[in-house]
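Observations on chain architecture
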Amino acid sequence: CPVTWPIGSGDEFAGVYDRLEGKVMLFHSSGSARGATKAIQTKLALDDPGLVDLVRPALLEQLREELEILDSVVDPLDMDQVRSQRQTPVWFGSGYNNFGVQQFLDRFLQLAQVPAPRRSVGGEVVDPLRREFTGFVFKLQANMDPRHRDRIAFVRVCSGRFDKDMQVLHARTGKTVRLSAPSKLFAQRRETIEVAYPGDIVGFINPGAFSIGDTLTTGSKFQFEGIPSFSPEFFNWIRNPNPSKQKSFRKGIEQLREEGAVQVLYSLSDFDQDPILAAVGQLQFEVVQSRLETEYGVEVSYEPLSYSVARWVAGGWPTAREMEGRLFNAMLVRDAADRPVLLCKNKWALDSLVEKFPKVDLLAIAPPVAFTDVKR
């Protein structure tokens, strides 16, 4: 559902029409460097007589015709439909000229959903008004500043109040950590903050302590429901032909895996220690290869594996070991959390395994790490 609609395009781009306000916002270049400052704008009603002096008549006529079509074929913006993922609001503007960006951000704040309760693995629902601070690590990003090779952990504040340098319980490890140097990030800007509240996103320098799905709290130990790992469909051995780059190779693979750029699997054979990259699309392999070269100085090559289905073994290693030696068109590997994973040639091979082992649950979504028996 378009919230704003462009007036012209390309060199004739003159502004946008805000369908919720019923106002025309005209674009005028600020005359400075592209994107360095906000563009000058004028806001007028669509029926304002002064509009014809500011916009070419042909563009105004085109705008009125397009708005008439939109009103007849597009449903009005309904936030209930948006939250149920049946409708998507759309804004037009020019990021290159910094026009329409502020309008989008202001409207986004008005329409954004208030912080919602979050469910824990044990079934407890954590209300945003809960007094104790709780946070959820939902994203990791390496090398945001190439000069410092830093890693940032992004934490959503789920309840309570965050204060700079506060000590929290890291639920996965059981350790107490100090949350120092908190920052707010927007595009290339990074600002240090002192406090944050439910719904806020805070970035922390991550020395390797945090993983996606981690829970932080000042209260009793519990774990939020994690972000699921879905079954990949493409698998490649990744090879490092330069032994002198092995340390950088391992570091790059580990950090990119932590980000969620790709899933990493390992052979159970002692003779092949190179990792297996698993992805839902071929583009992920290209991204990893490019980032390893540009950010870690490692050139790698791929060797495709002839598998197209992956399933986690619900019973853990005791169940997986009983299946070994009876697998056909399938290979048993482990993931980065040391959970057993079956790679199958195709759907037919998977169906054959299901028939052969009817009492074994083969999962398309990885089970939570904290509640998985990881001992082999």
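Residues numbered from 1 in each chain as written. Predicted model: local features only at pLDDT ≥ 70, side-chain atom pairs only at ≥ 80, totals over all residues. Heavy atoms only, no water.

Thoughts on the packing of helix α4 (residues 246–259) against helix α5 (residues 282–296)
- Closest axis-to-axis distance for the α4/α5 pair is 10 Å, and the angle between their directions is 125 degrees. Considered as vectors, α4 and α5 are oriented oblique to each other. You can see that α4 and α5 cross each other, and the crossing is right-handed. Every residue of α5 that contacts α4 at Ser-248, Lys-251, Gly-252, Ile-253, Gln-255, Leu-256 and Glu-259 is listed here: Val-288, Arg-291, Leu-292 and Tyr-296.
- Counted by class, the contact of α4 with α5 contains five nonpolar, three polar and three charged residues. (Axes fitted to C-alpha atoms, helices over the stretch in contact; angles between N-to-C directions. Helix = DSSP H or I, 4+ residues; strand = E, 2+ residues; numbered from the N terminus. Parallel < 35°, antiparallel > 145°, perpendicular 65-115°, else oblique. Left-handed = near helix turned anticlockwise from the far one by under 90°. Contact = heavy atoms within 4.5 Å. Nonpolar A, V, L, I, M, F, W, Y, C, P; charged D, E, K, R; others polar.)

Some thoughts on the layout of surface pockets
- Computed from the structure, the largest pocket encloses a volume of approximately 1400 Å³.
- What lines the largest pocket is a set of 40 residues, and nearest its centre among them are Phe-108, Leu-109, Ala-112, Gly-199 and Ile-201. (1 Å grid on protein atoms, 1.4 Å probe; cavity = no way out; pocket = protein on both sides within 12 Å on 5 of 7 lines; lining within 4 Å. Points joined across faces, edges and corners; volume = space filled by probe spheres on them.)

A closer look at the nonpolar core
- Formed by 17 residues in total, the largest nonpolar core has its most connected members in Phe-133, Phe-162, Val-168, Leu-179, Val-202, Phe-210 and Leu-216.
- At the level of elements, β7 (134–142), β8 (151–159) and β15 (201–205) are the ones that each hand at least two residues to this core.
- With three residues, the single largest contributor to this core is β8.
- Those residues in contact with Phe-210 that sit more than four places away from it in its chain are Leu-140, Ala-153, His-170, Arg-172, Val-177, Leu-179 and Leu-216.
- By size, the runner-up hydrophobic cluster in this structure holds 16 residues, among which are Phe-249, Leu-256, Val-262 and Val-264. (Core = buried A, V, L, I, M, F, W, Y, C linked by side-chain atoms within 4.5 Å. Buried < 20%, exposed > 50% of the residue type's maximum accessible area, 1.4 Å probe, protein only.)

Details of the sheet that holds strand β22 (residues 330–335)
- Spatial ordering of the open sheet is given by β20-β17-β19-β18-β22-β23-β21-β24, a layout of eight strands whose pairing is antiparallel. For this open sheet the edge positions go to β20 (301–304) and β24 (362–363), each flanked by a neighbour on one side alone.
- Against the sheet, α5 makes contact with β17 (234–239), β19 (276–279) and β20, and its axis sits at roughly 20 degrees relative to β17, the strand it touches most.
- Taken strand by strand, helix α7 (residues 347–356) contacts β21 (309–313), β22, β23 (340–344) and β24, and its axis lies near 130 degrees from that of β23. (Pairing = 2+ DSSP bridges.)

Re the side chain of Ser-94
- Turning to its location among the elements, Ser-94 is positioned in the loop between α2 (79–83) and α3 (101–111).
- You can call Ser-94 buried: its relative accessible area is 12%.
- Look past the residues within four positions of Ser-94 in its chain and what remains in contact with it is Phe-13, Phe-99 and Val-101.

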